[in-house]
Every structure is written in structure tokens, then in C-alpha cells.
Amino acid sequence: MANINVTIRMDEDIKHQADDLFSDLGMSLSGAITIFIKQAIRQQAIPFAIARDVPNQETLEAIEEVQRLKNDPAKKTYDSFNEILKKLDSEI
């Protein structure tokens, strides 16, 4: 079977991370892409789930808490972390 060249574009940092990963796994980026394509052909689909990141319940509650705190007119705010540390030191 004859080989052909395929050109793709990707972020340089992602490519370096992929090269490192696949090198550790004993293959090249080209080999990894070939495996992906063979699996896609075999399954007649993307060979992994593609889904939106949906926050879990704990994360949703944390987001709601932040929103409540942001809307609380009685809450004290600070301009810097050092200001918070000074406040804590004064209370000890």
C-alpha cells in the first residue's frame, strides 16, 4: 500500500505535548493519528465520546455560592492578598 503525505495544522504547544506523550508510548504522532483513523474507520464513528464539560453538583454549588457572595452588599472586599494577611494578623 502506497503512503501519502497529509498536512494538518495545530497549536505548536499541543504538538510538542503530543510528541512527548506518544514518544513515551513508543510511537510517533503520525502513528498515533493512523491508529485514530483506523479505529474511526473500524467503528464508523469517532472512537471516543465527544461531550461538553458539564460541571458536577459540587462545582455547580460552588459557582452559585460565588454568585451569591458577589451580589452581597454587606461583604467585605480586599484589594490585595497582602491586605487580607494584614487583616488576619490584626485579628490574632
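These figures come from a predicted structure and were not determined experimentally. (Residues numbered from 1 in each chain as written. Predicted model: local features only at pLDDT ≥ 70, side-chain atom pairs only at ≥ 80, totals over all residues. Heavy atoms only, no water.)

## Things to note about the overall build of the protein
In terms of helices and strands, the protein carries 4 helices and 0 strands. For the protein, the sequential pattern of α-helices and β-strands runs α-α-α-α. For the protein, the C-alpha radius of gyration of 25 Å lies well beyond 12 Å, the compact-globule estimate for 92 residues. The burial tally for the protein puts 5% of its 92 residues in the buried class. Entry remark: accessible area of the protein is about 8900 Å², with carbon and sulfur atoms responsible for 55%. Considering the protein, the positive charge centre built from 11 side chains and the negative charge centre built from 16 side chains are found 5 Å apart. (Helix = DSSP H or I, 4+ residues; strand = E, 2+ residues; numbered from the N terminus. Rg over C-alpha atoms; globule rule 2.2 N^0.38 Å. Buried < 20%, exposed > 50% of the residue type's maximum accessible area, 1.4 Å probe, protein only. Areas by Shrake-Rupley, 256 points an atom, 1.4 Å probe, with all protein chains shown as cover. Lys, Arg positive; Asp, Glu negative; His and termini not counted. Charge placed at Lys NZ, Arg CZ, Asp CG, Glu CD.)

## Here's the deal with the packing of aromatic side chains
Considering all chains together, one arrives at 1 aromatic pair under this definition. Measuring from centroid to centroid gives 6.0 Å for Phe-36 and Phe-48, while their planes differ by 40°, and the two rings are tilted. Linking Phe-36 in helix α2 (residues 29–43) with Phe-48 in the loop between α2 and α3 (57–70), this pair joins segments that are 12 residues apart in sequence. Sitting over the face of the ring of Tyr-78, Lys-76 holds its NZ or CZ atom 5.0 Å from the ring centroid. (Phe/Tyr/Trp six-rings, centres within 6.5 Å; stacked < 30°, edge-to-face > 60°. Lys NZ or Arg CZ within 6 Å of the ring centre and 35° of its normal.)

## Describing the pattern of salt bridges
For the structure shown, the criterion picks out 2 salt bridges. With a shortest N-O distance of 2.4 Å, Lys-15 and Asp-19 are connected by a salt bridge. Taken together, the residues Lys-15 and Asp-19, both in helix α1 (residues 12–24) and 4 residues apart, mark about one turn of the helix. For Lys-15, a relative accessible area of 34% puts it in the partly exposed group. Here Lys-87 ties to Glu-91 by a salt bridge, and the two come within 3.2 Å at their closest N and O atoms. With Lys-87 and Glu-91 both in helix α4 (residues 81–91) and 4 residues apart, the pair spans about one turn of that helix. Here Lys-87 falls in the partly exposed class, since its relative accessible area comes to 37%. (Salt bridge = Lys/Arg side-chain N within 4 Å of Asp/Glu carboxyl O.)

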